[in-house]
Amino acid sequence: MGTEHTTAVEISEPLLADDKIRDVELESSESIPEWKEQITIRGLVVSALMGTIFCIITHKLNLTVGIIPSLNVAAGLLGFFFVKSWTGFLSKLGFSVQPFTRQENTVIQTCVVACYGLAFSGGFGSYLLAMDERTYNLIGADYPGNRAEDVKNPGLLWMIGFLFVVSFLGLFSLVPLRKVMVVDYKLTYPSGTATAMLINSFHTNTGAELARKQVSCLGKYLSISLFWSCFKWFFSGVGDACGFDNFPSLGLTLYKNTFYFDFSPTYVGCGLICPHIVNCSVLLGAIISWGFLWPFISQHAGDWYPADLGSSDFKGLYGYKVFIAISLILGDGLYNLIKIISITVKELSSNSIKQINLPVVKDNSGSDTSKLLVEQRKRDEVFLKDRIPSWVAASGYVGLAAISTATIPIIFPPLKWYLVLCSYIIAPALAFCNSYGTGLTDWSLASTYGKVGLFIIASMVGSNGGVLAGLAASGLMMSIVSTAADLMQDFKTGYLTLSSAKSMFVSQLVGTAMGCVIAPLTFWLFWEAFDIGSPDSPYKAPYAVINREMAILGVEGFSELPKHCLAICCGFFVAALVINLLRDVTPAKVSQFIPIPMAMAVPFYIGAYFAIDMFVGTVILFAWERWNRKDAEDYAGAVASGLICGDGIWTIPSAILSIFKVNPPVCMYFGPSVSN
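Residues numbered from 1 in each chain as written. Predicted model: local features only at pLDDT ≥ 70, side-chain atom pairs only at ≥ 80, totals over all residues. Heavy atoms only, no water.

Per an unreviewed UniProt entry, the protein chain carries the name Metal-nicotianamine transporter YSL6 and comes from Escallonia herrerae. As stated in UniProt under Sequence similarities (unreviewed entry), the record for the protein chain gives "Belongs to the YSL (TC 2.A.67.2) family." Reading the Subcellular location (unreviewed entry) entry of the UniProt record for the protein chain gives the comment "Membrane". (UniProt positions renumbered as here; feature names shortened; annotations may be inferred.)

Structural data, given as structure tokens:
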């Protein structure tokens, strides 16, 4: 779902089996609506509304820290809540309303995820922003390889056009393989499976009662978060040093090294959703970088780099921050890429695919097996009934690739048509690898594939436009592999909720079309209202600078790094490979405590404050699980979603106030006490 969607939903097979058994009678007797009836006007209206909210939340996370947790549970809950409220209101007015089925719920979910997915894969916090003038100036006009010709500022029309041209290809690339991935290989797709279980539970009597409680819990924490964000705004003054966001909660010395709790409901919510190991990895990365490494390198100012440089000069400490973060991200990405491709090749070359000990759903033996088999046959039948002909997928892909090959060089002249065409020939294979890997591990490597494309194209085009061409190619790859993985994830959800594959595909198309318009419009709100990309503003857009530097590296090589930077980067690159290897070879009871390098990399560049917030979230969840595990499992997702959504919704009025130049009335500021 920057860094990948940090989702690691673990689902044990007995739980799935119990859920299936509990609902078998219900499902067997349930009449399934035709695919056209699963897509409703009210569903599309709710999808557009929720798509807008989730796009804003994704932009906010992308432009501040670049970590985006999975918001699928929130999308499922809010979709259920909005349509139930709608039908309840109309029933009271005496209108007859169409019953709300789980198939319609699944269609809404799919539509929303497709829509807000484009706020991530559209590159608004990474490759598109890396092209702009602010990022160019931040790196420095005199920096070798950073040319003024390689600048393209954000513009609503060209961004919407670019998204329409590239975003639909991923949907058509893997449609013919849906039976292979979902029915034959029985790939788990943990997030898709968890979402399906959630939606299935809403539409049983006991589940509907729990869903009602979860929605009221989400509403309560959304209100608290919205009120708190509004309250904080009044004290945030003009500039970036005021308010609760700069509260030296751990003392002024640690505050200078960015160690402080900044009272952000969003990051605390992320801490509640993300697995404990992700939050602890982020904190460990913050301690290594801001606690030890940056103070150590700062002591060598004047020797390793000129001491009089500005805080955002790439020839100084800032260069170390960006390049060491890049080396960790690339080390982690490369390891996982090789690992997942090798798993895929091994799996495909083996005929005994169902016997291999991989996280593939297996049938449970026992007295309930016959019920489960009946249920599975019904799911297979519904899933395969409304076929999407292969010729539709093939002609759709070829047609869209032709349009795209013609139009992308008009938007980005350095990216020649033959390079676009070559990308589209390789893309389906990469999309398959990413979808298969997501099905096994729940870890989408979309941005890693994007970075591979970035390096290859940037180095091929060379110094005359390589930076712009590399960034555009990165976007092209990223959107195809990301939407292909999302589509398969949604097909798995549809399979388990007895939804038609055709209605899933159509809702993906509609959601993507919505996203092509809503994502750029919501980004424009941020672009106009806030100082995006400035190292001193909350909206640092970390991945914009990182992506542009990667493109320059692809063109120029390593000649311009500060002293000892290449050696330190190589050390961290190797460390990322070794840590990942240790995670895979050690037994589970040990590997669960080994950190994730990708998560460790984020605070290296941004700062430690959000790591503190996420760690607070993880401590709350840990204590809650010890105190009452059942409650924590039922409500932690709702509390987290409420905190994230409330803070996200406040962004809209605060952006509007900023556009109209309305400043907060008070600047709350902290300094050392002065003795007389």
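Moving on from the coordinates now.
This part takes up the overall build of the protein chain. Counting its regular elements, the protein chain contains 28 helices and zero strands. Scored against the burial criterion, the 676 residues of the protein chain give a buried share of 59%. Here the protein chain has roughly 26,400 Å² of accessible surface; of this, 66% comes from carbon and sulfur atoms. (Helix = DSSP H or I, 4+ residues; strand = E, 2+ residues; numbered from the N terminus. Buried < 20%, exposed > 50% of the residue type's maximum accessible area, 1.4 Å probe, protein only. Areas by Shrake-Rupley, 256 points an atom, 1.4 Å probe, with all protein chains shown as cover.)

It is at 8 Å that the axes of helix α22 (residues 501-529) and helix α28 (residues 629-659) come closest, and there the two elements cross at 45°. The angle between α22 and α28 places the two elements in the oblique class. α28 is crossed by α22, and the crossing has left-handed handedness. Residue-level inspection shows L525, F526, E528 and A529 of α22 in contact with α28, the latter providing T651, I652, A655, S658 and I659. For the contact of α22 with α28, a count of residues per class yields six nonpolar, two polar and one charged. (Axes fitted to C-alpha atoms, helices over the stretch in contact; angles between N-to-C directions. Parallel < 35°, antiparallel > 145°, perpendicular 65-115°, else oblique. Left-handed = near helix turned anticlockwise from the far one by under 90°. Contact = heavy atoms within 4.5 Å. Nonpolar A, V, L, I, M, F, W, Y, C, P; charged D, E, K, R; others polar.)

Detailed conclusions should not be drawn from predicted coordinates in areas where pLDDT is low. On average, the protein chain scores 82 in pLDDT, and the residues at 70 or more come to 90%. Segment residues 351-367 is flagged for pLDDT under 50; beyond a separation of four residues in sequence, or across chains, it makes 26 contacts in the model. (pLDDT = per-residue confidence, 0-100.)

On to the side chain of K321, then. Relative to the helices and strands, K321 resides in helix α16 (residues 317-349). Sequence-distant contacts of K321, defined by excluding residues within four places in its chain, comprise W290, W294, F604 and Y605.

Let us look at the pattern of salt bridges. Here the structure, examined in full by the defined rule, presents twelve salt bridges. Residues R134 and D531 are paired through a salt bridge, measuring 3.9 Å at the closest nitrogen-oxygen approach. Here the residue R134 occupies a position in helix α7 (residues 133-139), and D531 occupies one in the loop between α22 and α23 (542-556), the gap between them amounting to 397 residues. Exposure remark for R134: the relative accessible area of 35% places this residue in the partly exposed category. Since its relative accessible area comes to 42%, D531 is described here as partly exposed. With a shortest N-O distance of 3.3 Å, R147 and D150 are connected by a salt bridge. Residue D150 is classed as buried on the basis of its relative accessible area, which comes to 1%. Through salt bridges that share partners, R147, E149 and D150 make up one connected network. (Salt bridge = Lys/Arg side-chain N within 4 Å of Asp/Glu carboxyl O.)

A few words on the state of the cysteines. A covalent bond between the sulfur atoms of two cysteines is referred to as a disulfide. One pass over the full model with this rule turns up one disulfide. The disulfide that involves C242 links it to C667, with 1.9 Å between the sulfurs. Its torsion about the S-S bond being -80°, the disulfide of C242 and C667 is classed as left-handed. Residue C242 is located in the loop between α12 (205-233) and α13 (252-256), and its partner C667 is located in the segment after α28; the two are separated by 425 residues in the primary sequence. On the basis of relative accessible area, C667 is assigned to the partly exposed category, the value being 42%. Considering cysteine sulfurs only, C55 is the nearest to C115, which forms no disulfide, with 4.2 Å between them. (Disulfide = S-S within 2.5 Å.)

Right, let's talk about the nonpolar core for a bit. Within the largest apolar cluster, 196 residues are counted, with the highest numbers of intra-cluster contacts made by F54, I408, F412, L415, Y424, F491 and F610. Here the element with the most residues in this core is helix α21 (residues 466-496); it accounts for 17 residues. Beyond its immediate stretch of four places on either side in the chain, F412 contacts M131, K152, W158, F162, L468 and A472. (Core = buried A, V, L, I, M, F, W, Y, C linked by side-chain atoms within 4.5 Å.)

It is worth spelling out helix α3 (residues 41-64) at this point. Residues that lie three or four places apart on an α-helix share one face, since the helix turns once every 3.6 residues. The end-to-end C-alpha separation of α3 is 35 Å, in line with the 34 Å expected for 24 residues at 1.5 Å each. When you tally the buried positions in α3, you get 18 out of 24 residues, the bulk of the element. (Expected span 1.5 Å × (residues − 1).)

Here T40 shows up in the loop between α2 (35-38) and α3. Only 2.6 Å separates the side chain of T40 from the side chain of E104, close enough to count as a polar contact. The residues contacting T40, other than those within four sequence positions of it, are Q98 and E104. (Polar contact = N/O pair within 3.5 Å; in protein donor to acceptor, adjacent residues only side chain to side chain.)

Here the focus is α28. Relative to the 45 Å expected for 31 residues at 1.5 Å per residue, α28 spans 45 Å between its end C-alpha atoms, a close match to the ideal helical length. When the local axis directions of α28 are compared, the greatest deviation, roughly 45°, occurs at Y635. Once α28 finishes, K661 follows within two positions and takes phi at roughly 60°, a positive value. (Bend = angle between axes of the 7 residues up to and from the residue.)

Moving on to the packing of helix α14 (residues 265-273) against helix α27 (residues 609-627). The contact between α14 and α27 brings their axes to 7 Å, and the two run at 50°. Taken together, the axes of α14 and α27 are oblique relative to one another. Considering the relative orientation of α14 and α27, their crossing is right-handed. Note on element contacts: α27 touches α14 through Y609, F610, D613, M614, G617, T618, I620 and L621, opposite Y267, V268, C270, G271 and L272.

Among the secondary structure elements, I108 is positioned in helix α5 (residues 102-121). Along the sequence, I108 and S47 sit 61 residues apart, while their C-alpha atoms lie 5.6 Å from each other.

Turning our eyes to something else, we now look at unusual backbone geometry. In this structure, T258 takes a positive phi of about 65° despite not being glycine. Its place among the elements puts T258 in the loop between α13 and α14. Given the relative accessible area of 13%, T258 is considered buried. Here the phi dihedral of L498 falls at roughly 55°; this positive angle occurs in a residue that is not glycine. Relative accessible area serves as the criterion here: at 0%, L498 is assigned to the buried category.

Among the surface-exposed residues, W417, Y418, L421, I425 and I426 lie close enough to one another that they form a single nonpolar patch of about 540 Å² accessible area. Mapped onto the fold, L421 is located in helix α19 (residues 417-441). The class of L421 is partly exposed, set by a relative accessible area of 36%. (Patch = residues over 30% accessible without salt bridge, like charges linked within 9 Å, V, L, I, M, F, W, Y side chains within 5 Å.)

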